[in-house]
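One letter stands for each residue in the lines below.
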Amino acid sequence: MAEFLTAAALVLVVLAAVGLIWLLRAPSVVERMMAVQLAGTAGTGVALLLAIAQGMDAIIDVALVLAVLAAFGAAALASAAGTPSS
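Conventions and cut-offs
- Residues numbered from 1 in each chain as written.
- Predicted model: local features only at pLDDT ≥ 70, side-chain atom pairs only at ≥ 80, totals over all residues.
- Heavy atoms only, no water.
- Helix = DSSP H or I, 4+ residues; strand = E, 2+ residues; numbered from the N terminus.
- Expected span 1.5 Å × (residues − 1).
- Buried < 20%, exposed > 50% of the residue type's maximum accessible area, 1.4 Å probe, protein only.
- Contact = heavy atoms within 4.5 Å.
- pLDDT = per-residue confidence, 0-100.

In this structure, what is going on with the environment of Val-11? I would like to understand it.
Structurally, the position occupied by Val-11 is in helix α1 (residues 2-24). Spatially, the C-alpha atom of Val-11 lies 22 Å from that of Val-65, the residues being 54 residues apart in sequence.

Got a minute to help me understand α1 in this structure?
Residues separated by three or four positions in an α-helix point in the same direction, a consequence of the helix having 3.6 residues per turn. If you check α1, its first and last C-alpha atoms are 32 Å apart, about what 23 residues at 1.5 Å a residue would give, namely 33 Å. For α1, every residue scored as buried is listed here: Leu-5, Ala-9, Ala-16, Gly-19 and Leu-23. The inward-facing, buried residues of α1 contact α2 (29-54).

Please clarify how the environment of Leu-49 should be interpreted in this entry.
Here Leu-49 is to be found in helix α2. Overall, Leu-49 belongs to the partly exposed group, its relative accessible area being 21%. In this view, Leu-49 contacts Leu-5, Ala-8, Ala-9 and Leu-12; residues no more than four positions away in its chain are not counted.

What is the right way to look at the confidence of the model for the chain in this model?
Caution is warranted with low-pLDDT regions, since their predicted coordinates should not be read in detail. Mean pLDDT over the chain stands at 85; residues scoring 70 or higher make up 94%. No element of the chain has a lower mean pLDDT than helix α3 (residues 58-82), which averages 84, and none a higher one than α1, which averages 89.

Shown next as structure tokens:
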């Protein structure tokens, strides 16, 4: 079971890398923020898969913190995007 979860984490890393390469080339700030969200979501998924595969409960806390930071980043961008620049 651990080998399957580790392989799933590797596939998730590869897919996230492809998505990040595509999104980071985008000219829009919103599309770049989507890259940050993708990194946060993929990082959370990888951390959770590896935590379960290796039986390390402390990594679950790291994954949850990463998910919260990604959500705060999206909220900060939404707040900044709504404010007109002077």
